[in-house]
Amino acid sequence: METNLPGYVPIARGKVRDVYASGDGGRLLIVATDRISAFDFILATGIPDKGRVLTQMTLFWLDFLRDVTPNHFLSADMTGLPPEFEGRSMWVRRAEMFQVECVARGYLAGSGWKDYQRTGAVCGVPLPAGLQESSALPEPIFTPATKAQSGHDENISFEQAAKIVGAETAAKLRDLTLALYRRAAEYARTRGILIADTKFEFGVVDGQIVLADEVLTPDSSRFWPADRYQPGRSQPSYDKQFVRDYLESIHWNKQPPAPGLPEDVAQRTSEKYKEAYQALTGRAL
Ligand SMILES: Nc1ncnc2c1ncn2[C@@H]1O[C@H](COP(=O)(O)OP(=O)(O)O)[C@@H](O)[C@H]1O
Ligand SMILES: [Mg+2]
């Protein structure tokens, strides 16, 4: 649930990951914990092995997608670090991050579905009338969002993204985002999983745009089991369904302090994460 690395000062503790900088500052150690958040709060108990799943899945995709774009990965060798870091951590090149979250959507869900119902568009991208919740889009779309320091990210138009990163860069990020999404979604389909949407983060290292952060994990994406896909309703989610169901069942008011999870809910959720990993990669964790 918590990491400590003697001699290092964490430069960030996110909801899920702790980030440490190397002595010279050029490298970062990103450690995925077993923390889980729901409704924007970190729950009091973790999900066994969740951090390992997130890190191993990111490593899988970074490798799978490395000919689409260069990325920040350096090494997963944790020699000399506490043994608990093994398998859930990676060294990366520190990037100057773009302050835009790069979202690709192939299906209508979440905030995309909400925007569409209100405006007939998502992030200013007009869509055909008559789409339902979870409908497949005619083609994948780029729907950027702000990178909020705290609270909710906010959907923005391509033009607003261009104001933040510049028009030329915004066009590059859009093209990369859609190319990565297409490649990943096409592969995942053959493994029985629909990638409804996903969020990438890019940065610059030595003047070059690199893919950074976590990649195509259940925390950054919506994965749907293809054999249960049915538009017109929300889809069963691969990861947090048990958690959300449990939290609804105890009528938590969604104010802090966030509750913990009973052992069996945490255990079943852990199995779901591992199932997603195995389905996508064809390997057991
Ligand atoms: N290569 C990198 N260089 C610099 N920052 C990075 C890199 N990769 C990821 N990050 C940043 O590290 C942080 C990871 O924290 P995370 O656990 O995702 O927290 P959050 O709750 O903010 O999403 C994010 O702010 C992400 O933008
Ligand atoms: Mg994050």
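For the structure itself, consult the block above.
The rules behind the values
- Residues numbered from 1 in each chain as written.
- Chains lettered and ligands numbered in written order.
- Predicted model: local features only at pLDDT ≥ 70, side-chain atom pairs only at ≥ 80, totals over all residues.
- Heavy atoms only, no water.
- Helix = DSSP H or I, 4+ residues; strand = E, 2+ residues; numbered from the N terminus.
- Buried < 20%, exposed > 50% of the residue type's maximum accessible area, 1.4 Å probe, protein only.
- Polar contact = N/O pair within 3.5 Å; in protein donor to acceptor, adjacent residues only side chain to side chain.
- Contact = heavy atoms within 4.5 Å.
- Near = heavy atom within 4 Å.
- Nonpolar A, V, L, I, M, F, W, Y, C, P; charged D, E, K, R; others polar.
- Core = buried A, V, L, I, M, F, W, Y, C linked by side-chain atoms within 4.5 Å.
- 1 Å grid on protein atoms, 1.4 Å probe; cavity = no way out; pocket = protein on both sides within 12 Å on 5 of 7 lines; lining within 4 Å.
- Points joined across faces, edges and corners; volume = space filled by probe spheres on them.
- Salt bridge = Lys/Arg side-chain N within 4 Å of Asp/Glu carboxyl O.

Draft legend 1. Structural context of the side chain of Ser 221. Within the element layout of this structure, Ser 221 appears in strand β16 (residues 221-225). A residue is classified by how much of its surface remains accessible, and Ser 221, at 9% relative accessible area, is buried. A distance of 2.8 Å separates polar atoms of two side chains, one belonging to Ser 221 and the other to Thr 198. Looking at Ser 221, its side chain comes within polar contact range of the side chain of Ser 220, at 3.3 Å. Excluding residues that lie within four positions of it along the chain, Ser 221 makes contacts with Asp 197, Thr 198 and Leu 216.

Draft legend 2. Local environment of the site of ligand 1. The environment of ligand 1 is made up of 16 residues, and the closest members are Arg 17, Arg 93, Ala 95, Lys 147 and Glu 201. Taking Lys 147, its side chain carries an N or O atom lying 2.8 Å from an oxygen atom of ligand 1. Separating an oxygen atom of ligand 1 from a side-chain N or O atom of Glu 201 is a distance of 2.6 Å. For the shell around ligand 1, the secondary structure elements donating two or more residues are β2 (17-21), β3 (27-32) and β7 (89-93). Within the shell around ligand 1, the residues separate by chemical class into 7 nonpolar, 2 polar and 7 charged.

Draft legend 3. Structural context of the nonpolar core. Leu 43, Trp 61 and Phe 202 are the most contacted members of the largest nonpolar core, which totals 66 residues. At 10 residues, the largest contribution of residues to this core is made by helix α4 (residues 167-190). In this structure, Trp 113, Cys 123, Leu 131 and Leu 137 belong to the second largest nonpolar core, which totals 9 residues.

Draft legend 4. Spatial organisation of unusual backbone geometry. Cis geometry is adopted by the peptide bond preceding Pro 257, which originates at Pro 256 and carries an omega value of 0 degrees. As for its placement among the helices and strands, Pro 257 is situated in the loop between α5 (241-249) and α6 (263-281). You will see that Cys 123, though not glycine, has its phi angle at about 50 degrees, which is positive. Residue placement: Cys 123 occurs in the loop between β10 (121-122) and β11 (125-126).

Draft legend 5. Spotlight on empty space enclosed by the protein. Summed over the entire model, instances satisfying the criterion amount to 1 cavity of 30 Å³ or more. Computed from the structure, the largest cavity encloses a volume of approximately 90 Å³. When contributions to the lining of the largest cavity are tallied by element, the ones reaching two or more residues are β3 and α1 (50-64).

Draft legend 6. Seen up close, the environment of Asp 49. Relative to the elements of secondary structure, Asp 49 occurs in the loop between β5 (41-42) and α1. The spacing of Asp 49 and Gln 267 is 218 residues in sequence and 9.8 Å in space, taken between C-alpha atoms.

Draft legend 7. Fine view of the pattern of salt bridges. For the coordinates displayed, the defined rule picks out 21 salt bridges. One salt bridge connects Arg 183 with Asp 67, and the closest N-O pair in it is separated by 3.6 Å. Of this pair, Arg 183 sits in helix α4 while Asp 67 sits in the loop between α1 and β6 (73-75), and the two are 116 residues apart along the sequence. A salt bridge links Asp 197 to Arg 105; the shortest N-O distance between them is 3.7 Å. Taken together, the residues span a long stretch of sequence, with Asp 197 in strand β14 (residues 193-205) and Arg 105 in strand β9 (residues 100-107) at a distance of 92 residues. Pair check on accessibility: Asp 197 and Arg 105 agree, each one buried. Via salt bridges that share partners, Arg 17, Lys 147, Lys 199, Glu 201, Asp 213 and Glu 214 belong to a single interconnected network.

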